[in-house]
Amino acid sequence: MIKVTALPEFIIQREEEHTELTAPLSTLLRDISLSAKIVNREVNKAGLVDILGSAGTTNVQGEMVQKLDKFANERFIAAFQTGGECCGIASEEYEDFLCFEDHLGMHPKYLVTMDPLDGSSNIDVNVSVGTIFSIYSRLSESGLCTPEDFLQPGTEQVAAGYVIYGSSTMLVYTTGHGVNGFTLDPSIGEFCLSHPDIKIPKTGKIYSVNQGNYDLFEEGVKRYIDYCHESDPETNRPYSHRYIGSMVADIHRSLIKGGIFFYPATKVSPRGKLRLVYECNPMAFIVEQAGGRATDGKNRIVELKPNGLHDRVPIFIGSPDMVLKAEELVQKHKP
Ligand code: P6P
């Protein structure tokens, strides 16, 4: 008889094993998982909502049809506001960060940075999307949170995770003690431990990049893509190209099967597209905790100091040997 470990039980177990994992942090993680279940329900019927929504501005319940990413954003914010363990959030959906009044007098010590529904444009074509989050300890002592609270380097993350709404819905997270994956069992409404202690393969046979930008990439990136195309049975090349166009899905595949995902700078976007604070930092923390590597082509993502909430950064992330090879060619052909 296989023992099923549900997420709440796992969180408590870890809290008992590691003193720095506090009860408020456990509560915050549970708040996130509950909201993820609610978002999952809406994402799974998105097609229906879209059909109904196109008939007007209200759905069958008479509710205003909301874009799913805004729905997800509001769902997570509501959970943090009522949960009382979070002093504020920086969200992809808001220009500035949001501070929560300490109505319950709980003096919350944590803050969240989040992309509530990354890749939401893929929903229309039924492609996997994801939620990405980081949790930090606030730097400010009390009162309303400050800009510095949200501009900490990724090395200061207390926890990070993602939810992938795909063929199944999974929550994958780390608190700095390895990476564990939980699959939602809809029949009991629980995230159950399905991928304990995830370790990314040291190398892989899949590279993931938007090939359409090839002509816009710097020389070293082009050389790496050419390297991926070369025939060399000893190093399992040519690699296969897979690009879902949803960061969470492309990185999740790399984490499980091995591989590299990269979104480099281009002539059009000199800092790339993906955001440091609420996309690249959490994914980098997770992949590094699983034994992988995440850099901007040279520097560790988690050591970069954010200047603004929505800073973009080039990213190379995945199996360490593959990321190192990409860095070697990028640095070798630097202008
Ligand atoms: P492109 C989705 O819109 C997203 O933010 C990431 O999830 C994804 O990796 C990237 O953009 C895809 O961007 O330019 O290749 O369509």
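To be clear, the structure that these remarks concern was listed above.
Scope of this entry: the structure provided in the associated data block. Residue positions within a chain follow its written sequence, with the count starting from 1. Totals for whole chains, interfaces and linings use every residue, but because this is a predicted model, local features are given only for residues with pLDDT of at least 70 and side-chain atom pairs only at 80 or more, for both listing and counting. Hydrogens and water molecules were not included; the side-chain quantities draw on all heavy atoms of the structure.

### Observations concerning the overall build of the protein
And then number 1: Under the scheme used here, helices are H or I runs from DSSP no shorter than 4 residues and strands are E runs no shorter than 2 residues, and both carry numbers assigned from the N terminus. Each helix and strand counted, the protein has nine helices and 13 strands in total.
And then number 2: As defined in this context, the radius of gyration uses C-alpha atoms, and a globule is described by 2.2 Å times the residue total to the power 0.38. The C-alpha atoms of the protein give 20 Å as radius of gyration, which agrees with the globular expectation for 335 residues (20 Å, within 12%).
And then number 3: By principal-axis analysis of the C-alpha atoms, the protein measures approximately 60 × 50 × 50 Å.
And then number 4: Accessibility here uses a 1.4 Å probe with only protein chains present; expressed as a share of the type maximum, an area under 20% marks a residue as buried, one over 50% as exposed, and anything in between as partly exposed. Here the protein holds 335 residues, and the buried ones make up 54% of them.
And then number 5: For this analysis, residues touch if any pair of their heavy atoms sits within 4.5 Å. Sequence separation of at least 24 residues holds for 63% of the intrachain contacts in the protein that already meet a minimum separation of 6.
And then number 6: Side-chain charges in the protein split into 32 positive and 44 negative, and the spacing between the mean points of these groups amounts to 6 Å. Positive charge is attributed to Lys and Arg, negative charge to Asp and Glu, and no charge count is given to His or to the chain ends. Note on charges: their place is set at NZ of Lys, CZ of Arg, CG of Asp or CD of Glu.

### Considering the packing of helix 2 (residues 23–44) against helix 4 (residues 68–83)
And then number 1: Helix axes use the C-alpha atoms of the stretch in contact, all axes being lines fitted to C-alpha atoms, and the angles between their N-to-C directions lie in the range 0 to 180 degrees. Axis separation between helix 2 and helix 4 bottoms out at 9 Å; the angle between their running directions is 150°. When the axes of helix 2 and helix 4 are compared, the pair comes out roughly antiparallel. Along this stretch, helix 2 crosses helix 4, giving a crossing that reads as right-handed. Contact with helix 2, carried on its side by Leu28, Asp31, Ile32, Ser35, Ala36, Ile38, Val39, Glu42 and Val43, involves Leu68, Phe71, Ala72, Arg75, Phe76, Ala79, Phe80 and Gly83 of helix 4 and no other residues of that element.
And then number 2: Amino acids are sorted into nonpolar (Ala, Val, Leu, Ile, Met, Phe, Trp, Tyr, Cys and Pro), charged (Asp, Glu, Lys and Arg) and polar (every other residue, Gly among them). Of the residues that constitute the contact of helix 2 with helix 4, the class distribution is 12 nonpolar, two polar and three charged. Roughly parallel here means an angle under 35 degrees, roughly antiparallel means over 145, roughly perpendicular means 65 to 115, and every remaining angle is called oblique. Rotating anticlockwise by less than a right angle from the far helix to the near helix defines a left-handed crossing, while the corresponding clockwise rotation defines a right-handed one.

### Considering unusual backbone geometry
And then number 1: In this chain, Arg237 is followed by Pro238 through a cis amide linkage whose omega measures 10°.
And then number 2: In this structure, Asp197 takes a positive phi of about 50° despite not being glycine.
And then number 3: Structurally, the position occupied by Asp197 is in the loop between strand 8 (190–195) and strand 9 (206–208).
And then number 4: Positive phi outside glycine occurs at Asn236, with the angle close to 55°.
And then number 5: Within the secondary structure layout, Asn236 lies in the loop between helix 6 (219–229) and strand 10 (240–241).
And then number 6: For Asn236, a relative accessible area of 43% puts it in the partly exposed group.

### Things to note about the environment of Asp149
And then number 1: Tracing the backbone shows Asp149 in helix 5 (residues 147–150).
And then number 2: A residue is classified by how much of its surface remains accessible, and Asp149, at 0% relative accessible area, is buried.
And then number 3: In this structure, the C-alpha to C-alpha distance between Asp149 and Val4, residues 145 residues apart in sequence, is 37 Å.
And then number 4: In contact with Asp149, not counting residues within four places along its chain, are Leu111, Arg138, Leu139 and Ser140.
And then number 5: Of the polar contacts made by the side chain of Asp149, one reaches the backbone nitrogen of Thr146; its length is 2.8 Å. Here a polar contact means two N or O atoms within 3.5 Å. Within protein one must be a hydrogen donor candidate and the other an acceptor candidate, and residues neighboring in sequence count only if both atoms are side-chain atoms.

### Topic: helix 9 (residues 320–332)
And then number 1: Multiply 1.5 Å by the residue count of a helix minus one, and that product is the helix's expected span. If you check helix 9, its first and last C-alpha atoms are 18 Å apart, about what 13 residues at 1.5 Å a residue would give, namely 18 Å.
And then number 2: The set of residues buried in helix 9 consists of Pro320, Met322, Val323, Ala326, Glu327, Leu329 and Val330.
And then number 3: The inward-facing, buried residues of helix 9 contact strand 9, helix 6, strand 11 (260–263), strand 12 (293–295) and strand 13 (315–318).

### Quick look at the site of the ligand
And then number 1: Whether a residue is near a molecule or strand depends on its heavy atoms: if one lies within 4 Å, it is near. For the ligand, the full set of nearby residues is Asp118, Gly119, Asn210, Tyr243, Gly245, Ser246, Met247, Phe261, Tyr263, Lys273 and Leu274.
And then number 2: The side chain of Tyr243 places a nitrogen or oxygen atom 2.5 Å from an oxygen atom of the ligand.
And then number 3: At 2.7 Å, a backbone N or O of Met247 approaches an oxygen atom of the ligand.
And then number 4: Surface accessibility follows the Shrake-Rupley procedure with a 1.4 Å probe radius. Residue values consider only the protein chains on display as shielding. Coverage of the ligand by the protein amounts to 79% of the 400 Å² it exposes when considered alone.
And then number 5: Taking a 2 Å distance to the grid points as the criterion, the majority of the atoms of the ligand fall inside the largest pocket.
And then number 6: Taken together, the residues that form the shell around the ligand break down as five nonpolar, four polar and two charged. Only protein atoms enter the calculation, which uses a 1 Å grid: trapped sets of points that fit a 1.4 Å probe without letting it out are cavities, open sets showing protein on both sides within 12 Å along at least five of seven lines are pockets, and any residue with an atom within 4 Å of a point is a lining residue. Criterion for pocket placement: a molecule counts as inside a cavity or pocket if more than half of its atoms are within 2 Å of its grid points.

### Some words on the pattern of salt bridges
And then number 1: Any Lys or Arg side-chain nitrogen found within 4 Å of a carboxyl oxygen on Asp or Glu counts as a salt bridge. In total, this model carries 16 salt bridges according to the counting rule given.
And then number 2: Two residues, Glu218 and Lys334, come together in a salt bridge whose shortest N-O distance is 3.2 Å. You can see Glu218 sitting in the loop between strand 9 and helix 6 and its partner Lys334 sitting in the segment after helix 9, a full 116 residues away along the chain.
And then number 3: According to the relative accessible area criterion, Lys334 is partly exposed, its value standing at 42%.

### What about empty space enclosed by the protein?
And then number 1: Grid points are joined across faces, edges and corners, and a volume is the space filled by probe spheres set on the points. Applying the stated criterion across every chain, the model contains one cavity of 30 Å³ or more.
And then number 2: Volume-wise, the largest cavity comes out at about 90 Å³.
And then number 3: As for the largest cavity, its lining consists of 14 residues, and the residues nearest its centre are Phe10, Arg14, Leu21, Tyr173 and Thr175.
And then number 4: When residues of the lining of the largest cavity are traced back to their parent elements, those giving at least two are helix 1 (7–17), helix 2 and strand 6 (169–174).
And then number 5: Ranked by the residues each element gives to the lining of the largest cavity, the list is headed by helix 1, at four residues.

### Let's talk about the sheet that holds strand 10
And then number 1: At least two DSSP bridges between two strands are needed for those strands to be called paired. Read from one edge of the open sheet, five strands run 10-9-11-13-12, paired in mixed fashion. In the strand order of this sheet, the two ends are held by strand 10 and strand 12, each with one partner.
And then number 2: Two elements, strand 9 and strand 10, share two bridges in a ladder whose sense is parallel. Bridged to Tyr207 within strand 10 is His241.
And then number 3: Running over the sheet, helix 8 (residues 276–289) touches strand 12 and strand 13 and is turned about 30° from strand 13.

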